[in-house]
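One letter stands for each residue in the lines below.
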Amino acid sequence: MTQTERNLSELRSEIAPLKPIIVAVTKYFGIEKLIEAYDAGLRDFAENRVQDAIFKFENLSDEIRRNSRFHLIGHLQSNKVKKAVGKFDLIQSVDSLKLAELISQEAMNRGITQHVLLQVNNANEDCKFGFSKSELNGCFDRIVNLQGIKVDGLMNIAPIAPENELRVLFEDMRNYKTELEKNFSYELKELSMGMSSDYRIALAQGSTMIRLGRKIFM
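Since this is a predicted model, take the numbers as computed values, not measurements.

**Concerning the packing of aromatic side chains**
Each aromatic ring pair is specified by the distance between its two centres and by the angle formed by the two planes.
Then, in step 1: Summed over the entire model, instances satisfying the criterion amount to five aromatic pairs.
Then, in step 2: Ring geometry for phenylalanine 57 versus phenylalanine 88: centroids 6.2 Å apart, planes at 75 degrees, classification edge-to-face. Placement of the pair is phenylalanine 57 in helix α3 (residues 50-58) and phenylalanine 88 in the loop between α5 (81-84) and β4 (90-94), with a sequence separation of 31 residues.
Then, in step 3: Assessed through its relative accessible area of 3%, phenylalanine 88 is described here as buried.
Then, in step 4: An aromatic cluster is built from Phe57, Phe70 and Phe88, whose rings are joined through pairwise contacts.
Then, in step 5: One cation-aromatic arrangement involves arginine 43 over tyrosine 38; the distance from NZ or CZ to the ring centre is 3.7 Å.
Then, in step 6: When the ring centre of tyrosine 176 is taken as origin, the NZ or CZ atom of lysine 133, which lies over that ring, is 5.7 Å away.

So this is what it looks like as structure tokens:
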């Protein structure tokens, strides 16, 4: 049994009976680690940068590509939209109306529907991308009605903070998701929050998707 398999076995036991989507973040790890995770049963894989992701994913076997979902979790620059749309099953980091519109246009050009999450910076950190809640309130209806795009839910990246502060931020995200669903009569299925250092807190506050790197691979 590989270390990746042991880590995943322990993780699954720890988070049972919750059944979040476990997204393996392969940013700092090679293709061989991704393959180990696949062999251990994972099917969702994420990268931060478009170029790195495309190189890594295109060097996987046909079986793994066919049976896996690939996520982009890093900031997507406008000039990388053409490369990203259609390459990722889920772009988790849509952080502006302009970016959503560019993704929509490219998806329509390709005749596909691009699934996305809207990134919310509810900690209001200057160093992080994402909508403020007031910004998203003002353009949510426009985004979800764009052609060629399907908003599956919300995502956030929490700061390094004490557990009680993280609990408040994750709870706020859960409540905000409910608020948007009610105000706009739109279902947001996914709530992507929680990484290796804080996934337990995120799961306790309703996360449906956790993004883990070192917890799986180290």
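**So, the environment of phenylalanine 70**
Then, in step 1: Looking at the element boundaries, phenylalanine 70 is found in strand β3 (residues 69-72).
Then, in step 2: Sequence separation between phenylalanine 70 and glycine 41 is 29 residues; the distance between their C-alpha atoms is 15 Å.
Then, in step 3: Beyond its immediate stretch of four places on either side in the chain, phenylalanine 70 contacts Phe45, Phe57, Leu60, Ile64, Arg65, Lys87, Phe88, Asp89 and Leu90.

**Some remarks on the pairing of strand β8 (residues 209-212)**
Look at any regular strand and the pattern is simple: side chains alternate between the two faces of the sheet.
Then, in step 1: Burial of β8 is two-sided: the residues Met209 and Arg211 facing one way and the residues Ile210 and Leu212 facing the other way are all buried.
Then, in step 2: In this structure, strand β1 (residues 21-25) lies alongside β8, joined through four bridges in parallel fashion. Across the sheet, alanine 24 pairs through a bridge with leucine 212, a residue of β8.

**Some details on the pairing of strand β2 (residues 44-47)**
Then, in step 1: Alternating residues of β2 divide into Asp44 and Ala46 and Phe45 and Glu47, and every residue in both groups is buried.
Then, in step 2: At this point the chain moves from β1, through helix α2 (residues 31-39), to the parallel β2, and the crossover so formed is right-handed.
Then, in step 3: The pairing of β2 with β3 spans four bridges and is classified as parallel. In the strand pairing of β3, alanine 46 is matched with histidine 71.

**Things to note about the packing of helix α7 (residues 133-144) against helix α8 (residues 163-184)**
Then, in step 1: In the contact formed by α7 and α8, the axes pass within 11 Å of each other and the chain directions differ by 30 degrees. Taken together, the axes of α7 and α8 are roughly parallel relative to one another. Helix-helix and strand crossings are classified by hand; for α7 and α8 the assignment is right-handed. For the pair formed by α7 and α8, the contact residues are Lys133, Leu136, Asn137, Phe140 and Asp141 on the first element and Asp172, Tyr176, Glu179, Leu180 and Phe184 on the second.

**As for the environment of alanine 161**
Then, in step 1: Residue position: alanine 161 is located in the loop between β6 (149-155) and α8.
Then, in step 2: On a C-alpha basis, the gap between alanine 161 and aspartate 198 in space is 9.6 Å, while along the polypeptide they are 37 residues apart.

**Some thoughts on the nonpolar core**
Then, in step 1: The biggest cluster of nonpolar side chains holds 63 residues, and the ones touching the most others in it are Ile103, Leu136 and Leu154.
Then, in step 2: Excluding its chain neighbours within four sequence positions, the residues that come into contact with isoleucine 103 are Leu76, Val81, Val85, Ile91, Val94, Gln114, Val116 and Ile149.
Then, in step 3: By size, the runner-up hydrophobic cluster in this structure holds eight residues, among which are Val23, Ala46, Leu90 and Met209.

**Thoughts on the pattern of salt bridges**
Then, in step 1: A complete count under the given rule lists 17 salt bridges for this structure.
Then, in step 2: For the salt bridge of glutamate 14 with lysine 215, the shortest nitrogen-to-oxygen distance reads 4.0 Å. Placement of the pair is glutamate 14 in helix α1 (residues 3-15) and lysine 215 in helix α10 (residues 214-217), with a sequence separation of 201 residues.
Then, in step 3: The class for glutamate 14 is partly exposed, based on a relative accessible area of 35%.
Then, in step 4: Taking the relative accessible area as the measure of exposure, lysine 215 reaches 26% and is therefore partly exposed.
Then, in step 5: The closest approach of N and O atoms between aspartate 44 and arginine 69, which form a salt bridge, is 2.8 Å. One end of the pair, aspartate 44, is in strand β2; the other, arginine 69, is in strand β3, with 25 residues separating them in the sequence.

**What to know about α3**
Then, in step 1: Looking only at α3, the buried set comprises Val50, Ala53, Ile54, Lys56 and Phe57.
Then, in step 2: Next to the buried residues of α3 lie α2, β2, α4 (62-67), β3 and α5.

Scoring rules and cut-offs
Residues numbered from 1 in each chain as written. Predicted model: local features only at pLDDT ≥ 70, side-chain atom pairs only at ≥ 80, totals over all residues. Heavy atoms only, no water. Phe/Tyr/Trp six-rings, centres within 6.5 Å; stacked < 30°, edge-to-face > 60°. Helix = DSSP H or I, 4+ residues; strand = E, 2+ residues; numbered from the N terminus. Buried < 20%, exposed > 50% of the residue type's maximum accessible area, 1.4 Å probe, protein only. Lys NZ or Arg CZ within 6 Å of the ring centre and 35° of its normal. Contact = heavy atoms within 4.5 Å. Pairing = 2+ DSSP bridges. Right-handed = clockwise from strand over helix to strand, strands pointing away. Axes fitted to C-alpha atoms, helices over the stretch in contact; angles between N-to-C directions. Parallel < 35°, antiparallel > 145°, perpendicular 65-115°, else oblique. Left-handed = near helix turned anticlockwise from the far one by under 90°. Core = buried A, V, L, I, M, F, W, Y, C linked by side-chain atoms within 4.5 Å. Salt bridge = Lys/Arg side-chain N within 4 Å of Asp/Glu carboxyl O.

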